[in-house]
Amino acid sequence: MPVTNLPYDNRLNDRAKELRHEMTLQERKLWFRFLRDYPIKVYKQRVIEYFIVDFYCAEARLVIELDGSQHYTEQGGREYDEERSQILQEHGLKVLRFPNNDVDRHFESVCEQIHKEIQFRIADR
C-alpha cells in the first residue's frame with residue numbers, strides 16, 4: 001500500500017498547477033504517449049517536500065524527472081539535482097532521471113525503463 005502522506009509545501013500548489021499546463025515538449029510527449037494511460041496511476045507536476053517533481057507514481061514510490069540542459073551546468077544544476085534526489089530518497093522514493101534528448105531520441109527505451117522500474121518496485125512491496 002503506498003504511503004500518500006509525504007510532506008509537501010502547499011504554497012507550491014498553484015505553481016504546480018501552472019506547470020501542469022505549461023509542460024515542456026518532452027513532458028507532454030511522455031505524458032500523452034505513455035504515462036497518462038499507464039495502468040498504474042501516475043501524477044504530473046506533484047509537490048513533494050518543497051519540490052515540484054515532473055511525474056510521481058505513488059504506488060511504486062517513484063519520481064520521474066526529465067532534465068533539460070540547465071540541469072547539467074556547473075552553476076548548481078547538477079549539484080541541486082543531487083541534493084534534491086537525496087532528500088526524495090530519504091522518503092523512500094526512487095528517482096529516475098532522463099535527459100530531454102533521451103525522450104526525443106530513445107522514447108521507447110525511456111518508456112521501457114520506467115515500466116520495468118514500476119513493476120520491480122510494486123513487486124518488491
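If you're wondering where the values come from, they're calculated on a predicted model, not measured in any experiment. (Residues numbered from 1 in each chain as written. Predicted model: local features only at pLDDT ≥ 70, side-chain atom pairs only at ≥ 80, totals over all residues. Heavy atoms only, no water.)

Trainee: Mind showing me how you'd approach the nonpolar core here?
Mentor: In summary, soluble globular proteins display a tendency toward joint burial of nonpolar side chains. If you look at the biggest cluster of nonpolar residues, it comprises 23 residues, and the most contacted ones within it are L30, F34, L35, F55, I64, I114 and I118. Broken down by secondary-structure element, the contributors of at least two residues to this core are α2 (25–35), β2 (51–57), β3 (62–67), β4 (94–99) and α5 (107–123). Examining the composition of this core, we find that six residues originate from one element, α5, more than from any other. With sequence-adjacent residues up to four places away left out, F34 is seen in contact with K29, F107, C111, I114 and H115. By size, the runner-up hydrophobic cluster in this structure holds eleven residues, among which are L6, F51, Y56 and I87. (Core = buried A, V, L, I, M, F, W, Y, C linked by side-chain atoms within 4.5 Å. Buried < 20%, exposed > 50% of the residue type's maximum accessible area, 1.4 Å probe, protein only. Helix = DSSP H or I, 4+ residues; strand = E, 2+ residues; numbered from the N terminus. Contact = heavy atoms within 4.5 Å.)

Trainee: Which parts of the structure should I look at to understand the pattern of salt bridges?
Mentor: Two side chains of opposite charge can pair, provided their charged atoms sit close to one another. Here the structure, examined in full by the defined rule, presents seven salt bridges. Between R15 and E22 there is a salt bridge whose closest N-O contact spans 3.7 Å. One salt bridge in this structure joins E112 and K116, with 3.1 Å as the shortest N-O distance. Of this pair, E112 and K116 both sit in helix α5, four residues apart, which is roughly one turn of that helix. Among the residues examined, E112 registers a relative accessible area of 45% and is labelled partly exposed. One salt-bridge network, held together by shared partners, links R15, E18 and E22. (Salt bridge = Lys/Arg side-chain N within 4 Å of Asp/Glu carboxyl O.)

Trainee: Looking at this structure, I do not really get unusual backbone geometry. What am I missing?
Mentor: Note: most peptide bonds trans; most residues except glycine with negative phi. Within the chain, Q45 stands out as a residue other than glycine whose phi angle is a positive 45°. By the element assignment, Q45 lies in strand β1 (residues 43–48). Here the phi dihedral of E49 falls at roughly 60°; this positive angle occurs in a residue that is not glycine. Structurally, E49 can be placed in the loop between β1 and β2. With a relative accessible area of 18%, E49 lands in the buried category.

Trainee: Explain the sheet that holds β2 here, please?
Mentor: One key point about sheets: their strands pair by backbone hydrogen bonds, in either a parallel or an antiparallel sense. The sheet built from four strands is open, its strands ordered β1-β2-β3-β4 with mixed pairing. Looking at which strands have only one partner, the edges of the open sheet turn out to be β1 and β4. Neighbouring strand axes in the sheet, compared pairwise and without regard to direction, differ in orientation by 45° on average. The strands touched by α5 are β2, β3 and β4; relative to β4, the strand with the most contacts, the crossing angle is about 175°. (Pairing = 2+ DSSP bridges. Axes fitted to C-alpha atoms, helices over the stretch in contact; angles between N-to-C directions.)

The quantities given are spatial measurements derived from coordinates; they are silent on function.
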